[in-house]
Structures are given as structure tokens and as C-alpha cells.
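Single-letter residue listing:
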Amino acid sequence: MPAAYRFSIGPWNIHPGADPFGPPVRPPVPFDQVLDAAVALGFEGIQFHDDDAVPDLESLAPAAIAREAEAMRRRLADQGLVAEFVAPRLWEHAHGIDGGYTSNDPSARRWAIERSKRCVDVALALGCDLIVMWPAREGTAVRESKNPVQASRQVLEAIDAILLAAPNVRIAIEPKPNEPVDHAFVPTIGHALSLGARSVAPDRVGVLIETAHAILAGLDPSDEMGFALAAGKLWSVHLNDQNGLKFDQDKVFGAANLRGAFDQVRVLEMAGYGDTGAFIGFDVKAQRTQRADSATAHLATSKRVFLALVEKVRSFPQTIADQCIADRDYESLERLVLEHLLAV
Ligand code: 3MF
Ligand code: MG
């Protein structure tokens, strides 16, 4: 019986369309409507930033944080939803202006670790054990502003502090090579897994791979996934697409490179990712031109493309492909793949 997939989204994937050059163009979508949309579109998992789940969490005492997160957990359960992960949103806070874990300001570094521990409290009260770490501003715009040797150690110290404080949580690092910083200290899956291996609890550090982030690093997303899957470390994905080296586009899965999307689904299928219980998340953004009444179409399309590609992978003529491989006839293999995708 082939694996079934579970799908997830974050509330930021349904948004009012502001970009760095223009204001919102759609009304904000209340959280209840995000949950309704998730259910209607067949998504079971909700991904959270810590303050999506518990607004103003820094001004609340631990008991109040737990109460609010537990209320959110019940709200999800009422609709048949679960929390997939919680991520500490360090990059929007004033203390995180120059990064958190790698800030040049020691009080900001302490704040970042404390905030991450609060994020863990939110996750546990939501009934989930996965923390996603996107080290957004852990990097530089001016290379000489930080010491990369020290910065790399500081990221590891932060990971260790979280692991030691929370023996039941896992951390999935979501690497990205740039944006908002010019050069990030954790740009690829190799960097993330190396940090995990050097941490105090290597078994509890894995990765989340985002298609666009791999492409921005000049890497093939399916090979990044293969590398993580081989190590049993692919704990979530942010499938989307990216048209070359520019700002992070968060396009619909397959919209820029359908074959690349096929290859990602292929590697997930080959490694039995669906059987691990991990979610298929889409980190996609509605186009700014989209009207409010259909501003979730990008999510529906991404899921539809994913499921269509699962069928394409399962119906791929593997016996013929194996013969091409045995004959080292990769030109015929190329044609086989293209004709299969074109259905001719
Ligand atoms: C940025 C991202 C982020 C992360 C999210 C969860 C806003 O490029 O991909 O989306 O996925 O913060 O860590
Ligand atoms: Mg992402």
C-alpha cells in the first residue's frame, strides 16, 4: 500500500499581499478563517511561529503562555487539526535586529535563547515536539561585522541550550543562504546537519528543506532532500518554487520547474518520506494581484500538483529506465522522463 501524505501550512501562507514595495492589497485573514481554509483544502497540520500561537508571549508569565497554547491546541483539535511545529520568530523583534544567536550584543544573544525556550513551552503545550529554526538574521550584510568562527559556535551554543533545556523536543533547522541577510551562517543542509552532529543531542537535530532556499544556494532541492533522507534527518519540507537567483519567491510548487518538482516528489517517494509521518508543507505565497476571494488558490494548486506528481512518480516506467541505466544510455533516459512528464 503506497504511503499517504499529510499536508500542512503556516498562517503566513494566507496573507494580505504586502511586499517590500507596496502595502497590503487584501484584508487581513483572521486566524479562525485560516483554520477553516486549512480544513477546506485538506490540510491537517498547522505550522506556527511562536507568536502566531500565543501573541505577545514575551509579556506573559509561563503559566499564561501554557494556558493560551493549550487553548489553541483545543481549537485545533475541534477542527481535526494538529500543530506540526513551532518556530521562534526572532527576526521581527527589535532585539533581533542584528540576528539573535549571533548578535554582536550579548544581551540580544541571551534574549534569543530565552525566547527560543519560550517557543519550546508553546510547542509542548500545543502537543508538538518539533521546533523549526530558521536562522533568518544569523549572518551579515557587512562581512567584517561578525567573526564567522565565533558565529558558527554561537549558533551551536544556542542549539545546545535549547536541547539541554528541553529533553523531549527535536529541532529542524531550515537553512537559507540569504535574505534578509546578504550571507547567512547556515546556508545549506550540509551546514545544518554538521551543526546537528556536533550538538549535545545529535539524534534530536534534523532539517526542514525549502525548495526555494536550496535553489537560492545554487543547489538541487531533490539532492538536498536525498542527502538529508539518507541520514534520516528530513523532518519537514517547505515545497514551493523559485525562478532562478532573485528574492525568495515562494511560488506554487512546480510553477517554475515542473521536472524539478517531479524529482523532489521522486526522492520523497523513494525514501518512504510519507511513512515517517512527517508532513508535506507548502511555503507558498499568493500573488499580490490575486483577489481576496480566491487568495488560497496557490495552496490548492500546490497540493494538486504534488498529488499529480506522486502519480507521475508511481507510474514512471522504471523497468525501461533500468534498461537505459544498464546500457548507460542516458539520452534515452532523458527522453523517457520528458515524454512521461509530457504524457506523449
Ligand atoms: C523564510 C521562510 C520562513 C520560514 C518560517 C518557519 C516565513 O524564507 O521560509 O517563512 O519557513 O518562518 O520557520
Ligand atoms: Mg520556509
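Further up the page is the structure itself.
All values derive from a computational prediction rather than experimental measurement. (Residues numbered from 1 in each chain as written. Chains lettered and ligands numbered in written order. Predicted model: local features only at pLDDT ≥ 70, side-chain atom pairs only at ≥ 80, totals over all residues. Heavy atoms only, no water.)

Draft legend 1. Fine view of the site of ligand 1. Neighbouring ligand 1 are 13 residues; His49, Glu174, Glu210, His213 and Asp283 lie closest to it. For ligand 1, an oxygen atom lies 3.1 Å from a polar atom in the side chain of His238. When the residues that make up the shell around ligand 1 are grouped by side-chain class, the tally is five nonpolar, three polar and five charged. (Near = heavy atom within 4 Å. Polar contact = N/O pair within 3.5 Å; in protein donor to acceptor, adjacent residues only side chain to side chain. Nonpolar A, V, L, I, M, F, W, Y, C, P; charged D, E, K, R; others polar.)

Draft legend 2. Main features of the coordination of the magnesium ion (ligand 2). The protein atoms that coordinate the magnesium ion (ligand 2) are Glu174 (OE), Glu210 (OE), His238 (ND1) and Asp283 (OD), at distances spanning 1.9 to 2.3 Å. Along the chain, the residues that donate to the magnesium ion (ligand 2) are spaced as E-x35-E-x27-H-x44-D. Taken together, the residues span a long stretch of sequence, with Glu174 in the loop between strand 6 (170–173) and strand 7 (183–184) and Glu210 in strand 8 (residues 205–210) at a distance of 36 residues. For Glu174, a relative accessible area of 6% translates into the label buried. (Donors = N, O, S within 2.8 Å, 3.2 Å for Na, K, Ca; no water. Helix = DSSP H or I, 4+ residues; strand = E, 2+ residues; numbered from the N terminus. Buried < 20%, exposed > 50% of the residue type's maximum accessible area, 1.4 Å probe, protein only.)

Draft legend 3. Spatial organisation of the packing of helix 9 (residues 258–270) against helix 10 (residues 297–314). It is the contact of helix 9 with helix 10, at a shortest axis distance of 9 Å, that shows an interaxial angle of 70 degrees. For the element pair helix 9 / helix 10, the angle class is roughly perpendicular. Considering the relative orientation of helix 9 and helix 10, their crossing is right-handed. In this structure, helix 9 uses Leu258, Ala261, Phe262, Val265, Arg266, Leu268 and Glu269 to contact helix 10, whose residues at the interface are Val305, Phe306, Leu309, Val310, Lys312, Val313 and Arg314. Split by residue class, the contact of helix 9 with helix 10 holds 10 nonpolar, no polar and four charged. (Axes fitted to C-alpha atoms, helices over the stretch in contact; angles between N-to-C directions. Parallel < 35°, antiparallel > 145°, perpendicular 65-115°, else oblique. Left-handed = near helix turned anticlockwise from the far one by under 90°. Contact = heavy atoms within 4.5 Å.)

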